[in-house]
Amino acid sequence: MPDPTSNPLSIPSLTAPVAMGYVPLGAVFGFLFVQAGGSGWLALASSLLIYAGAAQFMMVPMLAAGLPISAIVLATLILNLRHVFYGLSLLNTLPSNRWQRGYCIFALTDETYSVLTALPAQERTPRMTLISALNQGWWVLGTALGVVLGAQAQIGLTGLDFVLAALFAVLAVEQWRVRRDAVPIWIAAAAYTISSMLMPAQALAIAIALSLLAAALRPARPAPSTGAAHD
């Protein structure tokens, strides 16, 4: 079958799973920000200029508690330090245009990284900017919806905290379908199991560190052919 990523019109479909997670999660952020007393335009500005997902959620109670900006910046830096490793693995496929390159570095998130690395290496560079922009657009759209809802109504958010977990599950399945390699999934499961037994309160951070270490030590695996990836 032909490779669907060779058609530029297929890019929105590549980001559709991200949209299904980012729009509701962005709406939750915008809703919580306004409910905590923040201005709607500040919520939108943070999604446009910070665009840090979990760090934006963390920012809401920190701002409400009156913590200094320096503390929020430090916490955000620590939380998003993993993106440095993401960026290193994509250095050779970043766009050559200075502005596009800078934007793709800024807009790199867990979900965008997952979508990009599921593409054949030769397809990443021409599609990276549009994929990054669409994914941020979903987040900003969700934030705008949440701001409107937060300013007008009291809405229960029970169950929406599972959206991100479901999104990562979908992206993990897509990664497996493209690479036909279950080892990273087993490594992640084992890392989280070990971390939960040793330090339950810090299980996620430790599991991420263990998974990165395992990935660095694992021998390189040849990429599957395009035909095998899309049969």
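Structural data are supplied above this passage.
Every chain begins its residue count from 1, and numbering advances along the sequence as written. Local features in a predicted model are, by the rule used here, given only for residues with pLDDT of at least 70; side-chain atom pairs are given and counted only at 80 or more, and totals for whole chains, interfaces and linings are based on all residues. With hydrogens and water stripped out, all remaining heavy atoms of the structure feed into the side-chain values.

A. Quick look at the overall build of the chain. In terms of helices and strands, the chain carries 12 helices and 0 strands. Along the chain direction, N to C, the helices and strands of the chain fall in the order α-α-α-α-α-α-α-α-α-α-α-α. Note on exposure labels: buried denotes an accessible area under 20% of the residue type's maximum, exposed denotes more than 50%, and partly exposed covers the range between, all computed with a 1.4 Å probe on protein chains only. Considering the chain as a whole, with its 231 residues, one finds that 35% of them fall into the buried category. The contact criterion used is simple: two residues touch if any of their non-hydrogen atoms lie within 4.5 Å. Excluding contacts between residues fewer than 6 apart, the proportion of contacts in the chain whose partners are at least 24 apart in sequence is 75%. Residue-level accessible areas treat just the shown protein chains as cover; the underlying method is Shrake-Rupley with a 1.4 Å probe. Roughly 13,100 Å² of accessible area belongs to the chain as shown, and the carbon and sulfur atoms make up 72% of that amount. Each helix corresponds to a stretch of at least 4 residues labelled H or I by DSSP, and each strand to a stretch of at least 2 residues labelled E; elements are numbered beginning at the N terminus.

B. Highlighting helix 1 (residues 11–35). Here, expected helix span is obtained from the residue count minus one, scaled by 1.5 Å. The first and last C-alpha atoms of helix 1 sit 35 Å apart over 25 residues, in line with the 36 Å expected at 1.5 Å per residue. Roughly 45 degrees is the biggest bend found in helix 1, and it falls at P17. Here the bend at a residue means the angle between the axes of two seven-residue stretches, the one that ends at it and the one that starts at it.

C. Spatial organisation of the nonpolar core. For our purposes a nonpolar core is just a set of buried Ala, Val, Leu, Ile, Met, Phe, Trp, Tyr and Cys residues, chained together by side-chain atoms within 4.5 Å. Judged by nonpolar contacts, the single largest core of 26 residues is most densely connected at F29, F33, L116, I131 and W139. At the level of elements, helix 1, helix 3 (54–64), helix 7 (110–117) and helix 8 (121–152) are the ones that each hand at least two residues to this core. By residue number, the principal contributor to this core is helix 1, which donates 7 residues. Setting aside anything within four residues of it in sequence, one finds I131 in contact with I11, L14, T15, T112, V115, L116 and L119.

D. The arrangement of the pattern of salt bridges in detail. For this document, the term salt bridge refers to a Lys or Arg side-chain nitrogen within 4 Å of an Asp or Glu carboxyl oxygen. Applying the stated rule across the entire model yields 1 salt bridge. Here E123 ties to R127 by a salt bridge, and the two come within 3.0 Å at their closest N and O atoms. Within this pair, E123 and its partner R127 are both found in helix 8, separated by 4 residues, close to a single helical turn. Take E123: its relative accessible area is 15%, and that puts it in the buried class.

E. Up close: the environment of I206. In this structure, I206 sits in helix 11 (residues 203–217). You can call I206 partly exposed: its relative accessible area is 25%. Once the C-alpha coordinates of I206 and Y192 are considered, the two residues, 14 residues apart in sequence, prove to be 7.7 Å apart. Those residues within four positions of I206 in sequence are excluded, and the remaining contacts are S195 and M199.

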